[in-house]
Amino acid sequence: MKKYLYIIIGAAALMASCSHKEVKEPTIGEKLGERLATLQQKGYMMGHQDDPFYGVTWSGIIDPQKPELGKSDVLATCGDYPAVMGFDLGGIEVGDAKNLDSVPFQRIHDEVIAHHKRGGIVTISWHPRNPLTGGTAWDVSDSTVVASVLPGGSQFEKFQTWIERVGDFLLTLKTDDGQPVPIIFRPWHENNGSWFWWGQALCSDNEFHGLWDLLQDMLKSRGLSNLLWSYSPNLDGSWSEERFLKRYPGNERVSLIGEDAYQWGTEEDFKTALKADLTFLSDFAKKNNRLLAMTECGLKNMPDSTWWTRVLKPIMDQYPISYFLLWRNYKEEYFGPSPSLPCAADFRRLHEADNVLFLDDIK
């Protein structure tokens, strides 16, 4: 009888141990995912890349001793900050003091923490230079770059150092009490295009998976559990599940599926492609229990003063997206609003919509 008693006690102990594991505290990155899912019940958030650094008519990064802190084209247009702010780490890998858009990394650090303190959400992308040629992220002159940074490749050790520098910076993003800031981390974006050295025509599917896994595994080994990983291909218009899965890193490696969607051609072509993509991606995200977002979007230099509410919003309203992020406002290339632009009134109408969330709506 004792023998069976020991078995029962042992089984109970094992069940208790398993039960304990099942209710483990979610990571900061997982909590961010839960927050995004909760906010999505109210609507979708508005985001803007490089929002506090410069705008259509101003720059707050020319003189680092006199930065225009707190300034924002979105804030100036509608009286509220974006709910989501995007930042980029291109250049951190080679030890630059400023990123590829001439923003000091110290300023990026400060603005990430400032937006988190406001109650906002932060997303970070990375446009690393070409480790084989020394060119920019857009240097696609060599199709062996990804192979060169994987184990056994000629640039493997260099690229490990690059990833370590990314990790070093991300580890500094902490609140005053030492808590890591939750980050939507979005590497290797638009990989189904071929304008970056990690793009479709520049590496095999297996090489792309190796690139994703190398970065993710190294950052996770540094204890960066505050990252919510986003996979974001470019506007395609003809996705099939078979083709999408060829480069998809897998549910165990991705929490948010994104779409980078700009209107470069005609309005009708854009609307047709975007609807097709969001129909596929929303079905895929639902089936795989992933979040969905428009991780980049916009119309360059806004020639249409009604584009926000006439073209973009009616499409987004049809799909369960978490947020949309307009690309940066720069005097020569802008995608967001500004009080100086004809689209300002239409953007204010977007701000007034109940299902479009800005900072004040998510605090």
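Quick caveat, the model's predicted, so the values are computed rather than measured. (Residues numbered from 1 in each chain as written. Predicted model: local features only at pLDDT ≥ 70, side-chain atom pairs only at ≥ 80, totals over all residues. Heavy atoms only, no water.)

Sorry, what's going on with the packing of aromatic side chains here?
Aromatic ring pairs: the centre-centre distance and the angle between the two ring planes describe each pair. Summed over all chains, the structure comprises 33 aromatic pairs. Ring geometry for Phe105 against Phe169: centres 5.9 Å apart, planes inclined by 65 degrees, an arrangement best described as edge-to-face. In this pair, Phe105 sits in helix α4 (residues 105-118) while Phe169 sits in helix α6 (residues 156-170), placing the two residues 64 residues apart along the sequence. Here Phe105 and Phe169 have matching classes, each one buried. Both rings, one in Trp264 and one in Phe335, keep their centres 6.2 Å apart while their planes meet at 90 degrees; by these two values the pair is edge-to-face. Separated by 71 residues along the polypeptide, Trp264 in the loop between β6 (256-262) and α9 (267-287) and Phe335 in the loop between β10 (333-334) and α11 (344-352) bring together distant segments of the chain. According to the relative accessible area criterion, Trp264 is exposed, its value standing at 59%. (Phe/Tyr/Trp six-rings, centres within 6.5 Å; stacked < 30°, edge-to-face > 60°. Helix = DSSP H or I, 4+ residues; strand = E, 2+ residues; numbered from the N terminus. Buried < 20%, exposed > 50% of the residue type's maximum accessible area, 1.4 Å probe, protein only.)

Explain the pairing of strand β4 (residues 183-186) here, please?
The side chains of a regular strand alternate between the sheet's two faces. Going residue by residue along β4, you find Ile183 and Phe185 tucked away on one face and Ile184 and Arg186 tucked away on the opposite face as well. Sheet topology note: the strand β3 (residues 121-125)/β4 ladder contains four bridges and is parallel. Note on β4: the bridge partner recorded for Val122 is Ile183. Sheet topology note: the β4/strand β5 (residues 227-231) ladder contains three bridges and is parallel. Note that in β5 the partner of Phe185 across the bridge is Trp229. (Pairing = 2+ DSSP bridges.)

Please explain the layout of surface pockets as it appears in this structure.
Unoccupied space between atoms shows up once a probe the size of one water molecule is rolled over them. Considering only enclosed or pocket space, the largest pocket measures out at about 640 Å³ in volume. Breaking the lining of the largest pocket down by element, the ones donating at least two residues are α2 (28-39), α7 (205-221), β5, α9 and β7 (291-298). Broken down by element, the residue count for the lining of the largest pocket peaks at five residues, all from α2. Of the residues belonging to the lining of the largest pocket, the class tally is ten nonpolar, ten polar and seven charged. His127, Trp138, Phe196, Glu296 and Trp327 are the residues nearest the centre of the second largest pocket, which is lined by 18 residues in total. Classifying every residue of the lining of the second largest pocket by side-chain character gives eight nonpolar, four polar and six charged. (1 Å grid on protein atoms, 1.4 Å probe; cavity = no way out; pocket = protein on both sides within 12 Å on 5 of 7 lines; lining within 4 Å. Points joined across faces, edges and corners; volume = space filled by probe spheres on them. Nonpolar A, V, L, I, M, F, W, Y, C, P; charged D, E, K, R; others polar.)

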